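Overview (structure and organization)
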Amino acid sequence: MLRGAAPAGAVVTFSSESFGESLAITDKDGAWKMKLRAHEAGGPYTATISMNVDGQQVIGERIMLQDIYIGDVYLLTGQSNMEWLVSNTTNGASASAKTN
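Definitions and cut-offs
Residues numbered from 1 in each chain as written. Predicted model: local features only at pLDDT ≥ 70, side-chain atom pairs only at ≥ 80, totals over all residues. Heavy atoms only, no water. Helix = DSSP H or I, 4+ residues; strand = E, 2+ residues; numbered from the N terminus. Rg over C-alpha atoms; globule rule 2.2 N^0.38 Å. Contact = heavy atoms within 4.5 Å. Areas by Shrake-Rupley, 256 points an atom, 1.4 Å probe, with all protein chains shown as cover. Lys, Arg positive; Asp, Glu negative; His and termini not counted. Charge placed at Lys NZ, Arg CZ, Asp CG, Glu CD. Core = buried A, V, L, I, M, F, W, Y, C linked by side-chain atoms within 4.5 Å. Buried < 20%, exposed > 50% of the residue type's maximum accessible area, 1.4 Å probe, protein only. Phe/Tyr/Trp six-rings, centres within 6.5 Å; stacked < 30°, edge-to-face > 60°.

Let's talk about the overall build of the protein
Scanning the protein for helices and strands turns up one helix and six strands. When its helices and strands are written in sequence order, the protein yields β-β-β-β-β-β-α. Against the compact-globule benchmark of 13 Å for 100 residues, the protein has a radius of gyration of 21 Å, which places it well outside the compact range. The dimensions of the protein, computed from C-alpha atoms along their principal axes, are 65 × 30 × 20 Å. In the protein, once contacts between residues fewer than 6 apart in sequence are set aside, the share between residues at least 24 apart is 41%. Summed over its atoms, the accessible surface of the protein is roughly 8000 Å², and 52% of this surface lies on carbon and sulfur atoms. Taking the average location of the 7 positive side-chain charges in the protein and that of its 10 negative ones, the two points are 8 Å from each other.

Encoded structure:
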């Protein structure tokens, strides 16, 4: 999901050889968001985000993104008890066998 802000009624375009092209029109407050199609994990990819107001490309409002990588991200957090070994828990051996 991409989000941003631009003048109300602007057309924001995301384009890439790998992802294709997606468009979003800003609302009355200038907010926009767009959902990109699902993509296989990998990279690096490149993409461009540009903005048009009243059909005219806005000079200086073109952003080139490079080194884009796609994939799952897992964030873990906890307290000191995170040092507890899975093998010390009930059914820990079977839980460990199911992980990759």
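A few points about the nonpolar core
Counting 13 residues, the largest nonpolar core has Ala 6, Val 12, Phe 14, Trp 32 and Met 34 as the members making the most contacts within it. Secondary structure elements with two or more residues in this core: strand S2 (11-16), strand S4 (31-34) and strand S5 (42-53). Here Phe 14 is in contact with Leu 2, Phe 19, Gly 20, Glu 21, Ser 22, Met 34, Leu 36, Ala 47, Thr 48, Ile 49 and Leu 65, once residues within four sequence places are set aside.

Details of the side chain of Ser 22
Its location among the elements puts Ser 22 in strand S3 (residues 20-25). Beyond its immediate sequence surroundings of up to four residues, Ser 22 is in contact with Val 12, Thr 13, Phe 14, Met 34, Lys 35 and Leu 36.

Considering unusual backbone geometry
A cis amide bond links Gly 43 with the next residue in sequence, Pro 44, at an omega value of 0°. Inspection of the secondary structure assignment puts Pro 44 in strand S5.

What about the packing of aromatic side chains?
Tallied over the entire structure, the rule returns two aromatic pairs. Among the aromatic residues, those joined into a ring-pair cluster are Phe 14, Phe 19 and Tyr 45.

Quick notes on the side chain of Thr 13
Its place among the elements puts Thr 13 in strand S2. Among residues more than four places away in sequence, those in contact with Thr 13 are Glu 21, Ser 22, Leu 23, Thr 48, Ile 49, Ser 50 and Asn 52.

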